[in-house]
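# Structural overview
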Amino acid sequence: MHKRLDGLVVVWCRGEQQFERLVARGLAESEARRRISLQMPSNEKLKHATYTIDTSGTTEDTQEQVAALAEKLRAAQN
């Protein structure tokens, strides 16, 4: 499907963080592993990305990346 889009934003974090975040939200470890295993690996998703947002850092880091991308996309429309 990504080939039919004008661009693709991939939001990602390290695999261990993804697992820890799911468990912190109340999923059992086995369910967290199952959910992750059903997804395309991040390194594969990143190959298709036009833009990326790395959520491995702080919330502030993520917000800065989102704001910068939003500005870039707004500027591209003009």
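The rules behind these values
Residues numbered from 1 in each chain as written. Predicted model: local features only at pLDDT ≥ 70, side-chain atom pairs only at ≥ 80, totals over all residues. Heavy atoms only, no water. pLDDT = per-residue confidence, 0-100. Helix = DSSP H or I, 4+ residues; strand = E, 2+ residues; numbered from the N terminus. Salt bridge = Lys/Arg side-chain N within 4 Å of Asp/Glu carboxyl O. Buried < 20%, exposed > 50% of the residue type's maximum accessible area, 1.4 Å probe, protein only.

## Side note on the confidence of the model for the chain
Detailed reading of the predicted model is not advised wherever pLDDT is low. On average, residues of the chain carry a pLDDT of 95, and 100% of them reach 70 or more. Of all the helices and strands in the chain, helix H3 (residues 42-47) carries the lowest mean pLDDT, 94, while strand E2 (residues 51-54) carries the highest, 98.

## Thoughts on the pattern of salt bridges
Inspection of every chain in the model, using the stated rule, returns six salt bridges. With a closest N to O distance of 3.6 Å, Arg33 and Glu29 form a salt bridge. Of this pair, Arg33 and Glu29 both sit in helix H2 (residues 29-38), four residues apart, which is roughly one turn of that helix. The partly exposed category is assigned to Arg33, whose relative accessible area is 48%. The network of salt bridges with common partners includes Glu31, Arg34 and Arg35.

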